[in-house]
Amino acid sequence: MKIIYRYIYRELFFYLVLSILAINTLVMVEKLIRVAKTLSGMAGPLEFAKVIILIQPQMLLITIPVAFLISTLLVYGRLNMDNELIALMSAGVSFRKVSLPAVRIGVLLLIVNLLVSSIIAPHGNRRLRDEINHILKANITRKIEERTFTELGDIVIYTDSREEGLLKDVFVFDRKRNSVITAKKASIMSEPSGIVMELRDGLINMVEKERRTDIYFSSYRFQTGLDIQGISRKAGEFMPQELLRKAKEVEDKKALQYIMEFYRRFTYPLLNIVMALIGPWLSLLSGRTGRLGGLVAGIGFFVLYYLMAMYFEGLVEAQKISVAIGMTAPIITGLVAGFIIQRWHR
């Protein structure tokens, strides 16, 4: 059995890594599109590469269980199609023993995902937010193109030319103050309070109802309204113990989101055990429905689980059921189904 186990371990790890890379690439496309919109014209190749690396931990919570399910379906499905499972069972090896490598890897991935969800992902999410905020603050002037109307928060800026961070012959429309500002020179700076624009030698034209006011100035500073801190600290950046503490400090609706996130930190890793118990069994369908039968059934199972999880989360948010029941019911159902299947296939 050692040789067989070694072969199964090698194949499972190979397809696991391959599946993680493939799924991460697909999932990352959507996230990168959003990041690219935020950092358009501001981040260089190295900064984008750093952002891509920092995005990975939060994706691994979902991609690892899915990739593990796919790898078990591919490996055990091929064993079944090549009649190797039948040969092993004919020799007196139970299906439970054959699926033991998948269960052991599932336990290992459970531990890995617990570390990711509790420590690595929150730290990575904080670093990601800080990195994006740093890029926005350090390169905000790059977003303003010459002879082009550019929106920054509450204002629209037009500049005739730009030189070393200094804007010349500037036109500014301030939506919040309903005013138009023209100035010979302007600069944009990052301060603790936010993004500040400083204009020199210009005119402010304000219109309020039927009254118009013109103000000439040699120097004028104001907040742009650009929500640089809008990429604020979210639930995904807190450690589990911090989520519980934050839940006690905020109002009921926000507290509910923190508690739900707390439960996700443990239910997502447990998905690896569900996949380890159910994946090898689903692979048996390959012999009856063709090579893709087990894979399709596995994907269908995960979609069903996901819909079930979303349904129960909706009930929790609507306060129809308790948080504990709503957040644990899907994973408990999956685990019970897995243990029943393992007991059935002795």
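Below or above, wherever it landed, is the structure these notes cover.

Bringing the nonpolar core into the picture now. The biggest cluster of nonpolar side chains holds 39 residues, and the ones touching the most others in it are Ile 8, Leu 12, Phe 68, Tyr 76, Val 98 and Met 275. Broken down by element, the residue count for this core peaks at nine residues, all from helix α2 (residues 45–81). Excluding residues that lie within four positions of it along the chain, Val 98 makes contacts with Ile 8, Tyr 76, Leu 85, Leu 88 and Val 93. Formed by 17 residues, the second largest nonpolar core is a distinct cluster that contains Ile 144, Ile 157, Ile 188 and Ile 195.

A grouping of Val 107, Ile 111, Leu 115, Ile 119 and Ile 120 is seen on the molecular surface, where their side chains present a nonpolar patch of about 420 Å² in accessible area. Along the polypeptide, Ile 111 turns up in helix α5 (residues 100–138).

Attention shifts here to unusual backbone geometry. Note: most residues except glycine have negative phi, and most peptide bonds are trans. Positive phi values are uncommon outside glycine, yet Arg 147 reaches one of about 55°. Among the secondary structure elements, Arg 147 is positioned in the loop between α5 and β1 (150–152). A relative accessible area of 58% means that Arg 147 is categorised as exposed. Its identity as a non-glycine residue notwithstanding, Asp 169 has a phi of 50°, on the positive side. Looking at the element boundaries, Asp 169 is found in strand β3 (residues 166–174). A relative accessible area of 46% means that Asp 169 is categorised as partly exposed.

Calculation criteria
Residues numbered from 1 in each chain as written. Predicted model: local features only at pLDDT ≥ 70, side-chain atom pairs only at ≥ 80, totals over all residues. Heavy atoms only, no water. Core = buried A, V, L, I, M, F, W, Y, C linked by side-chain atoms within 4.5 Å. Buried < 20%, exposed > 50% of the residue type's maximum accessible area, 1.4 Å probe, protein only. Helix = DSSP H or I, 4+ residues; strand = E, 2+ residues; numbered from the N terminus. Contact = heavy atoms within 4.5 Å. Patch = residues over 30% accessible without salt bridge, like charges linked within 9 Å, V, L, I, M, F, W, Y side chains within 5 Å. Areas by Shrake-Rupley, 256 points an atom, 1.4 Å probe, with all protein chains shown as cover. Salt bridge = Lys/Arg side-chain N within 4 Å of Asp/Glu carboxyl O.

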